[in-house]
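Chains, contacts and geometry: an overview
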Amino acid sequence: DAKTTQPTSMDCAEGRAANLPCNHSTISGNEYVYWYRQIHSQGPQYIIHGLKNNETNEMASLIITEDRKSSTLILPHATLRDTAVYYCIVRVAEGAQKLVFGQGTRLTINP
Amino acid sequence: GAGVSQSPSNKVTEKGKDVELRCDPISGHTALYWYRQSLGQGLEFLIYFQGNSAPDKSGLPSDRFSAERTGGSVSTLTIQRTQQEDSAVYLCASSARDRARGYTFGSGTRLTVV
């Protein structure tokens, strides 16, 4: 699986949009971009994934650059409950492969 | 069930004792994964099961660790002769055949070896 690079930590004000970047310059054509988050003392939670088109669901939006070498997870109206570690992972969607978690970005939402 | 269930939620054991951690995946999920997370650290892959295929044990840190999955459902992670460095949260996840939908994680078992 391609390696990803994320900032170690970020801060965002409550009610603002939180934009979390991820670099994956060695991504292959058949690899998807996945985002998970881990709130303190809980297991990781799936957020969203995409291949090349931008995606949106009830939790977040995912913007993938045209060359697919980077992406941004957007939480449109961050709340205090969005404080968590956010993991960006790239992997093929099919096949019995394990998720490899990096260190992620520790996002703190401030009141 | 509605989610991945792990038991016990907390376990304190004495160094040298054996422990068993249980994971009940979401019904119908064919893949099951074990990870562990030491305090303040990232998630470390341990093992995964996919249907009737041989499990991928490449992440098990030593031969004191083993896991089985009976009937393609419940899984048990066993740690023999526990050491203090085994103290961590052990997380289980399962996924459907269509893995594009992502993994569902349980809440984990917090293991403390004293």
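A brief look at the structure comes next. (Residues numbered from 1 in each chain as written. Chains lettered and ligands numbered in written order. Predicted model: local features only at pLDDT ≥ 70, side-chain atom pairs only at ≥ 80, totals over all residues. Heavy atoms only, no water.)

Topic: the overall build of chain A
Basically, it comes down to this: Numbered from the N terminus, helices here are DSSP runs of H or I no shorter than four residues, and strands are runs of E no shorter than two. Within these notes, the globule rule equals 2.2 Å times the number of residues to the 0.38 power, and the radius of gyration is based on C-alpha atoms. Residue contacts are counted whenever heavy atoms from the two residues lie within 4.5 Å of one another. Residue burial considers only the protein chains on display, and all accessible areas are found by Shrake-Rupley using a 1.4 Å probe.
Within chain A, the regular secondary structure consists of zero helices and nine strands. Radius of gyration (C-alpha) of chain A: 13 Å, near the 13 Å computed for a compact globule of 111 residues. Seen through its principal axes, chain A has C-alpha atoms that stretch 40 × 30 × 25 Å. Within chain A, counting contacts between residues at least 6 apart in sequence, those at least 24 apart form 57% of the total. Total accessible area on chain A is roughly 5,700 Å²; 48% of this is exposed by carbon and sulfur atoms.

Some details on the pairing of strand β4 (residues 31–37) of chain B
Residue and element names in this part refer to chain B. Our working definition: Each residue is placed in one exposure class: buried if its accessible area under a 1.4 Å probe, protein chains only, is under 20% of its type's maximum, exposed if it is over 50%, and partly exposed if it falls in between. Strands were regarded as paired on the criterion that DSSP finds at least two bridges between them.
Along β4, seven of the seven residues are buried, which leaves the element largely enclosed by surrounding structure. Residues A31, Y33, Y35 and Q37 line one face of β4 and the alternating positions L32, W34 and R36 line the opposite face, and both faces are buried. Sheet analysis places β4 next to strand β5 (residues 43–50), joined by seven bridges and oriented antiparallel. Residue pairing for β5: A31 is matched across the bridge by Q50. Between β4 and the antiparallel strand that follows it, β5, lie five residues; G40 among them carries a positive phi value of about 75°. Alignment of β4 against strand β8 (residues 88–95), held across seven bridges, turns out to be antiparallel. Across the sheet, Y33 pairs through a bridge with A93, a residue of β8.

Focus on the state of the cysteines
Think of a disulfide as a covalent bridge from one cysteine sulfur atom to another cysteine sulfur atom. All names here are of chain A. Put simply, the test is: Disulfides are defined as pairs of cysteine sulfur atoms found within 2.5 Å of each other.
Counting across every chain of the model gives two disulfides over all chains. A sulfur-sulfur separation of 2.1 Å characterises the disulfide bridge that pairs C22 with C88. Since a negative S-S torsion denotes a left-handed disulfide, the C22-C88 link at about -80° is left-handed. Taken together, the residues C22 in strand β2 (residues 18–23) and C88 in strand β8 (residues 84–92) connect sequence positions 66 residues apart. Neither C22 nor C88 differs from the other in exposure class; each is buried. No disulfide involves C12; its sulfur sits 18 Å from that of C22, the nearest cysteine. Exposure remark for C12: the relative accessible area of 9% places this residue in the buried category.

Observations concerning the pairing of strand β6 (residues 65–69) of chain B
All names here are of chain B. Side chains F65, A67 and R69 of β6 all project onto a buried face; the interleaved residues S66 and E68 project onto a face where none is buried. Direction of pairing for β6 relative to strand β7 (residues 75–79): antiparallel, over a ladder of five bridges. Directly across from S66, in β7, lies its bridge partner T78. Adjacent in sequence and paired antiparallel, β6 and β7 are bridged by five residues, among which G71 carries a positive phi angle near 60°.

Thoughts on the sheet that holds β6(B)
Residues and elements named next belong to chain B. Rules: Every axis corresponds to a line fitted to the C-alpha atoms, with the helix fit spanning only the stretch in contact, and the corresponding angles, defined between N-to-C directions, vary from 0 to 180 degrees.
Taken in spatial order, the four strands of this open sheet run β1-β3-β7-β6, and their pairing is antiparallel. A single partner strand is all that each edge strand has here, and the edge strands are β1 (5–7) and β6. Averaged over all adjacent pairs, the angle separating strand axes in this sheet is 15°, with direction ignored. In the sheet, strand β3 (residues 19–24) pairs with β7 via five bridges, with the strands oriented antiparallel. Residue pairing across strands places R22 opposite T76, the latter belonging to β7.

Remarks on the pattern of salt bridges
Residue and element names in this part refer to chain A. Note the threshold: Salt bridge criterion: a side-chain nitrogen from Lys or Arg within 4 Å of a carboxyl oxygen from Asp or Glu.
Overall, the coordinates contain five salt bridges over all chains when judged by the stated rule. When the shortest N-O distance is used, the salt bridge between D82 and R37 registers 2.8 Å. Note that D82 is positioned in the loop between β7 (70–75) and β8 and R37 in strand β3 (residues 31–38), a separation of 45 residues in sequence.

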